[in-house]
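Spelled out, the chains give:
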Amino acid sequence: MSAISAIYRAPKGDSKVCELFGFTFFDGQPVVIEDTPENAHAIKKLSNNALFEVSEEGSATHSSGEMPSPHPDPDDYPPEGQQRGGRRSHRG
């Protein structure tokens with residue numbers, strides 16, 4: 001059975017812990033998620049979330065062969081008060 005690795009990148013000033021889909025993520029620490037039908041929705045959502053890096057288990061290295069830094073570059077995040085990506089509001 002294959003698995004994916006998901007790494008949470010906490011925004012500056014935000015909580016260093018995130019719980020989603022029954023998994024607990026700590027900033028910069030990989031969490032292995034089995035690629036099963038039960039986890040398909042979670043994997044899809046995490047893959048489309050800008051705060052997570054998702055890769056196939058064992059492929060989370062840069063082309064140099066080094067593991068990515070567990071500490072994100074602060075310049076990768078939007079200025080305080082701004083969001084990454086578009087959020088849709090549901091109006092009814």
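Residues numbered from 1 in each chain as written. Predicted model: local features only at pLDDT ≥ 70, side-chain atom pairs only at ≥ 80, totals over all residues. Heavy atoms only, no water.

(A) Main features of the packing of aromatic side chains. Scanning all chains against the criterion turns up 3 aromatic pairs. A centroid spacing of 6.3 Å and a plane angle of 50° characterise the contact between Phe23 and Phe25, whose relative ring orientation is tilted. For the residue pair Phe23 and Phe25, the accessibility class agrees, reading buried in each case. Plain terms: the ring middles of Phe25 and Phe52 are 4.9 Å apart, the flat faces sit at 75° to each other, and that makes the pair edge-to-face. You can see Phe25 sitting in strand β3 (residues 23–26) and its partner Phe52 sitting in strand β5 (residues 52–56), a full 27 residues away along the chain. On the accessibility criterion, Phe25 (0% relative accessible area) is buried. By the ring-pair criterion, three or more aromatic residues cluster together here, those being Tyr8, Phe23, Phe25 and Phe52. (Phe/Tyr/Trp six-rings, centres within 6.5 Å; stacked < 30°, edge-to-face > 60°. Buried < 20%, exposed > 50% of the residue type's maximum accessible area, 1.4 Å probe, protein only. Helix = DSSP H or I, 4+ residues; strand = E, 2+ residues; numbered from the N terminus.)

(B) The arrangement of the side chain of Asn39 in detail. If you trace the backbone, Asn39 turns up in the loop between β4 (30–34) and α1 (40–47). Separated by 2.9 Å, the side chain of Asn39 and the backbone oxygen of Glu34 make a polar contact. If we skip the residues at most four places from it in the chain, Asn39 touches Phe23, Ile33 and Glu34. (Polar contact = N/O pair within 3.5 Å; in protein donor to acceptor, adjacent residues only side chain to side chain. Contact = heavy atoms within 4.5 Å.)

(C) Layout of the pattern of salt bridges. A full pass over the atoms with the stated rule returns 2 salt bridges. Put simply, Glu53 and Arg9 hold a salt bridge, and the shortest N to O gap is 2.9 Å. Taken together, the residues span a long stretch of sequence, with Glu53 in strand β5 and Arg9 in the loop between β1 (3–8) and β2 (17–20) at a distance of 44 residues. For Arg9, a relative accessible area of 7% translates into the label buried. Lys16 is paired through a salt bridge with Asp27; the nearest N and O atoms lie 3.8 Å apart. Here the residue Lys16 occupies a position in the loop between β1 and β2, and Asp27 occupies one in the loop between β3 and β4, the gap between them amounting to 11 residues. (Salt bridge = Lys/Arg side-chain N within 4 Å of Asp/Glu carboxyl O.)

(D) Local environment of the environment of Leu20. In this fold, Leu20 is placed in strand β2. Remark: the alpha-carbon pair of Leu20 and Ala42, spanning 22 residues in sequence, is separated by 8.1 Å. Excluding residues that lie within four positions of it along the chain, Leu20 makes contacts with Phe25, Leu46 and Phe52.

(E) Region of interest: a negative patch on the surface. On the surface, a cluster of negative charge is made up of Glu34, Asp35, Glu56 and Glu57. Classification of Glu56 by relative accessible area gives exposed; the value is 61%. (Patch = residues over 30% accessible without salt bridge, like charges linked within 9 Å, V, L, I, M, F, W, Y side chains within 5 Å. Areas by Shrake-Rupley, 256 points an atom, 1.4 Å probe, with all protein chains shown as cover. Lys, Arg positive; Asp, Glu negative; His and termini not counted. Charge placed at Lys NZ, Arg CZ, Asp CG, Glu CD.)

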